[in-house]
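Below are the chains, spelled out letter by letter.
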Amino acid sequence: MKKITVVIPALNEEQGIGHVLKEIPVSTLMDMGYETEVMVIDNGSKDKTRYIARDHGATVIIQPIKGYGNAYKAGFANASGDIIATGDADLTYPFEDLPEIIKKLEQEDLDFINTNRLKYVNQEVMTPTHIFGNRLFTTMTKILFNSPFVDSQSGMWIFRREIWDDLDVRSSGMPFSQELKIEAYIRGFKCAEVPIKYRARAGDTKLNTVKDGTKVMCHIFQKKLSTLFSNTAREKERQAFVRSSMITSTSSFSNAAREKEKQALVG
C-alpha cells in the first residue's frame, strides 16, 4: 500500500488545528489504496496546539527554530510517505480536495502540484493588498524563472517525496513556498497547478504584510542570482571535464602511436 504524509506547520493554531485534522479524508484515501500519516510541526506554540493535534491522532514534531521554512524542513525530514501533501493549520486550505489532486498526480504521472488560491478568491478572504502582492510576486517569478504557476505563494502543495532530495531549497522563512515551486520547475520535474477555494482563516494572522512581503520580493532576486552563479559553476565544471577527457584521449593516442613506431623499428 502506498503512503501519504500530510505535513502541517503550526504556531498557536488551537482554534483551527482540530477542525483541519478532522477534514483530512483518511478513509477516502484508504479506499484509494493510500495509508495516511499526519504530522503537525509545532514551531513554538504557547497555546494548546500540540495537545489538540495529538488528541486527533497526529504525530507532533517540535521544531524550536522559528521559521515557516524551518518547520517544513523538519516535517519533510521525518516524512515516510511516497507522497507529501501540505497546508496550513488555520482552515484556509481545503484538505478534502486531496483525493482528487492525488488522482491527478498519479494519472498524469506528475511530480509536483501547486494549488491556485487566486482563481476563486474574494476580498472577504484575501484583502486587495494581499491579492495585488500575490499577483506581483507571481509575475516576478514568471519573468525571472519562466515559472508556470499562477499562485507563487500558495501554501498547499502535493508532490512525490523522492523529488525533495533533488531540490536546493534554502529559505528558512516565508520565501520557502515560492522557492520550493521554483526549484521543482527549474530542476525539470513535471509540474501542474489546480484551483482551490481558499477560505477565511481561524485565529489571528501571523503574516506581516510589509515585512514578509519585502522578504519574499528580495528572495526572488537573490534566488535568481544564486541560480545564475550555480549554472555558471556547473558549466565551468563541465568544460573542465571535457578538456580533461580530451587531454586523456590525446595522451592515450600518443602513447599508442609511439608504441607502434617502436614495434616498427624493432621489426
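**Overview of the overall build of the protein chain**
- Within the protein chain one finds 8 helices and 7 strands.
- For the protein chain, the residues scored as buried account for 47% of the 267 residues in total.
- Considering only intrachain contacts with a sequence separation of at least 6, the fraction spanning at least 24 residues in the protein chain is 76%.
- Accessible area for the protein chain stands at about 14,100 Å²; split by element, carbon and sulfur atoms hold 54% of it.

**Here we look at the nonpolar core**
- Among the nonpolar cores identified, the biggest contains 36 residues, and Ile8, Leu21 and Ile158 are the most heavily contacted of them.
- Elements represented by at least two residues in this core include exactly β1 (2–10), α1 (17–23), β2 (34–42), β4 (83–86), α5 (98–107) and β7 (191–195).
- Here isoleucine 158 is in contact with Ile83, Ile84, Ala85, Leu98, Ile101, Ile102, Leu105, Asp111, Phe112 and Ile113, once residues within four sequence places are set aside.
- One finds Ile61, Ala71, Phe149 and Ala184 within the second-largest nonpolar core, a separate group that totals 23 residues.

**A look at unusual backbone geometry**
- With a phi close to 55 degrees, asparagine 12 is a non-glycine residue in the positive phi region.
- With respect to the secondary-structure elements, asparagine 12 resides in the loop between β1 and α1.
- Under the relative-accessibility criterion, asparagine 12 is labelled partly exposed at 31%.
- With phi around 55 degrees, asparagine 146 is a residue other than glycine that occupies positive phi space.
- Taking relative accessible area as the criterion, asparagine 146 reaches 54% and is therefore assigned exposed.

**Considerations on helix α6 (residues 128–145)**
- Under the 1.5 Å per step criterion, the end-to-end length of α6 is 25 Å for 18 residues, consistent within 8% with the ideal 26 Å.
- Just beyond α6, the residue with positive phi is asparagine 146, at close to 55 degrees.

**Considerations on the pattern of salt bridges**
- Under the criterion given, the structure shown has 16 salt bridges.
- The salt bridge partner of aspartate 42 is arginine 50, with a shortest N-O separation of 3.2 Å.
- Among the residues examined, aspartate 42 registers a relative accessible area of 0% and is labelled buried.
- Between aspartate 165 and arginine 161 there is a salt bridge whose closest N-O contact spans 3.6 Å.
- According to the relative accessible area criterion, aspartate 165 is exposed, its value standing at 60%.
- Classification of arginine 161 by relative accessible area gives buried; the value is 18%.
- One network of salt bridges, with partners in common, ties together Lys2, Glu106, Asp109 and Arg160.

**Topic: the pairing of β4**
- Side-chain alternation along β4 places Ile83 and Ala85 on one buried face and Ile84 and Thr86 on a second face that is also buried.
- For β1 and β4, the ladder comprises 4 bridges, and the chain directions are parallel. Looking at β4, one finds that valine 7 is bridged to threonine 86.
- As defined by bridge partners, β4 adjoins strand β6 (residues 157–160) across 3 bridges and the pair is classed as antiparallel. Paired with isoleucine 84 across the two strands is phenylalanine 159, which belongs to β6.

**Here we look at α5**
- Residues of α5 that are buried include every one of Leu98, Pro99, Ile101, Ile102 and Leu105, and no others. In a view along the axis of α5, the buried residues occupy a sector of 165 degrees, so they form one face of it. More than 90 degrees from the buried face of α5, the exposed residues found are Glu100 and Gln107.
- Note on α5: the residue one or two positions beyond its end, aspartate 109, has a positive phi of about 55 degrees.

**Section: the pairing of β2**
- Among the 9 residues that make up β2, 8 are buried, leaving the element largely enclosed by the rest of the structure.
- Pairing analysis gives 9 bridges linking β1 to β2, with the strands arranged parallel. Counterpart to alanine 10 in the pairing with β2 is aspartate 42.
- Inspection of the sheet shows β2 paired to strand β3 (residues 59–62) by 4 bridges, in the parallel sense. If you follow aspartate 42 over to β3, its bridge partner there is isoleucine 62.
- In this fold, the crossover linking β2 to β3 by way of helix α3 (residues 49–55) has right-handed handedness.

Conventions we followed
- Residues numbered from 1 in each chain as written.
- Predicted model: local features only at pLDDT ≥ 70, side-chain atom pairs only at ≥ 80, totals over all residues.
- Heavy atoms only, no water.
- Helix = DSSP H or I, 4+ residues; strand = E, 2+ residues; numbered from the N terminus.
- Buried < 20%, exposed > 50% of the residue type's maximum accessible area, 1.4 Å probe, protein only.
- Contact = heavy atoms within 4.5 Å.
- Areas by Shrake-Rupley, 256 points an atom, 1.4 Å probe, with all protein chains shown as cover.
- Core = buried A, V, L, I, M, F, W, Y, C linked by side-chain atoms within 4.5 Å.
- Expected span 1.5 Å × (residues − 1).
- Salt bridge = Lys/Arg side-chain N within 4 Å of Asp/Glu carboxyl O.
- Pairing = 2+ DSSP bridges.
- Arc of directions from axis to C-beta.
- Right-handed = clockwise from strand over helix to strand, strands pointing away.

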